[in-house]
Amino acid sequence: MFASNRMKIIGIAAVVIVIIVVVAAMTGGSESPADVAIAFYRAGNGGDYTRAYNYLAPETRIGWEMMGAFMSRFDNAMDAATKNGDITRIDVTDAIQYGGTSATVRLTLNYRDGSQRQDVLTLTKVDRRWRIFSSTLLLTP
């Protein structure tokens, strides 16, 4: 009898684990466009250019790659946009989704010296995740 109850508990636990894994897989990429835009700038501001680059849409990456020496150019562009890591606060001033596959996010970047810059990013869904297609501040090819 004890073994039977133990097997039931193990079976129930296995079903719960499977449900959790399925739900996690189905909701993957649940970051909003604004979350991605902020994460992009936080990565670049912290000097993690590879992580920032990975937030770009594949088409945008191709544009950087076609320029040649793409990572150094991307790094320089990110340094210019973040004023070499001087962003102190990022405010979302507007975020609009269009049909669930594209979005526009307007940000205000606040810097240590008290200055501000505005950026408008367009994002697109790639494999259920938001990716940055373009930025008005970070000049993309």
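Higher on the page you've got the structure.
Residues numbered from 1 in each chain as written. Predicted model: local features only at pLDDT ≥ 70, side-chain atom pairs only at ≥ 80, totals over all residues. Heavy atoms only, no water.

> Please explain the overall build of the chain as it appears in this structure.
For the chain, the helix and strand inventory stands at five helices and four strands. Beginning at the N terminus, the succession of helices and strands in the chain can be written as α-α-α-α-α-β-β-β-β. Taking all 141 residues of the chain together, 33% fall into the buried category. Carbon together with sulfur atoms contributes 59% to the accessible area of the chain, which is approximately 8400 Å² in total. (Helix = DSSP H or I, 4+ residues; strand = E, 2+ residues; numbered from the N terminus. Buried < 20%, exposed > 50% of the residue type's maximum accessible area, 1.4 Å probe, protein only. Areas by Shrake-Rupley, 256 points an atom, 1.4 Å probe, with all protein chains shown as cover.)

> Any chance you could explain the packing of aromatic side chains here in plain terms?
Any aromatic ring pair is given by two values, namely how distant the centres are and how the planes are angled relative to each other. Taken as a whole and assessed by the stated rule, the structure comprises three aromatic pairs. Measuring from ring centre to ring centre gives 5.2 Å for Phe40 and Tyr41, while their planes differ by 70°; the resulting arrangement is edge-to-face. Pair check on accessibility: Phe40 and Tyr41 agree, each one buried. With centroids separated by 5.3 Å and ring planes inclined at 75°, the aromatic side chains of Tyr53 and Phe74 adopt a geometry described as edge-to-face. With a gap of 21 residues between them, Tyr53 in helix α3 (residues 49-54) and Phe74 in helix α5 (residues 70-82) connect regions that are remote in the sequence. (Phe/Tyr/Trp six-rings, centres within 6.5 Å; stacked < 30°, edge-to-face > 60°.)

> Explain helix α2 (residues 33-45) to me, please; I cannot follow it from the model alone.
Note: α-helices contain 3.6 residues per turn, so residues at a spacing of three or four share the same orientation. Over its 13 residues, α2 runs 18 Å from end to end, which matches the ideal 18 Å to within 8%, given 1.5 Å per residue. Inspection of α2 places Pro33, Ala34, Val36, Ala37, Ile38, Ala39, Phe40, Tyr41, Ala43, Gly44 and Asn45 among the buried residues, and these make up the whole buried set. Looking one or two places after α2, you find Gly47, whose phi comes out positive at around 85°. (Expected span 1.5 Å × (residues − 1).)

> Just to check I follow, could you spell out the sheet that holds strand β3 (residues 116-126) for this structure?
Two modes of strand pairing occur in sheets, parallel and antiparallel, and in both the strands are linked by backbone hydrogen bonds. Spatially, four strands are ordered β1-β2-β3-β4 in an open sheet, and the strand pairing comes out antiparallel. Each edge of the sheet is formed by a strand with only one pairing partner; in this case those strands are β1 (87-98) and β4 (129-135). Mean inter-strand twist for the sheet, computed between neighbouring axes without regard to direction, equals 30°. Of the pairings in the sheet, the one linking strand β2 (residues 102-111) to β3 comprises nine bridges and is antiparallel in character. Bridging across to β3, Leu109 finds its partner in Arg117. Along the sheet, α2 contacts β1, β2, β3 and β4; its crossing angle with β1, the most-contacted strand, is approximately 150°. (Pairing = 2+ DSSP bridges. Axes fitted to C-alpha atoms, helices over the stretch in contact; angles between N-to-C directions. Contact = heavy atoms within 4.5 Å.)

> Would you explain the nonpolar core in this entry?
When a protein is soluble and globular, its nonpolar side chains tend to lie buried together. With 30 residues, the main nonpolar core has Phe40, Tyr41, Phe74 and Leu107 as its most contacted residues. Those elements that provide at least two residues to this core are α2, α3, α5, β1, β2, β3 and β4. In terms of residue count, the dominant contributor to this core is α2 (eight residues). (Core = buried A, V, L, I, M, F, W, Y, C linked by side-chain atoms within 4.5 Å.)

> Is there a simple way to explain the pairing of β2 in this structure?
Every regular strand shows the same layout, with side chains that alternate between the two sheet faces. Most of β2 sits inside the fold, with eight of its 10 residues counted as buried. Where β1 meets β2, 10 bridges bridge the pair, whose relative direction is antiparallel. Each bridged residue has a counterpart across the sheet, and for Val92 the counterpart in β2 is Leu107. Hairpin remark: β1 followed by β2, antiparallel, with three residues in the connecting loop; positive phi at Gly99, about 65°.

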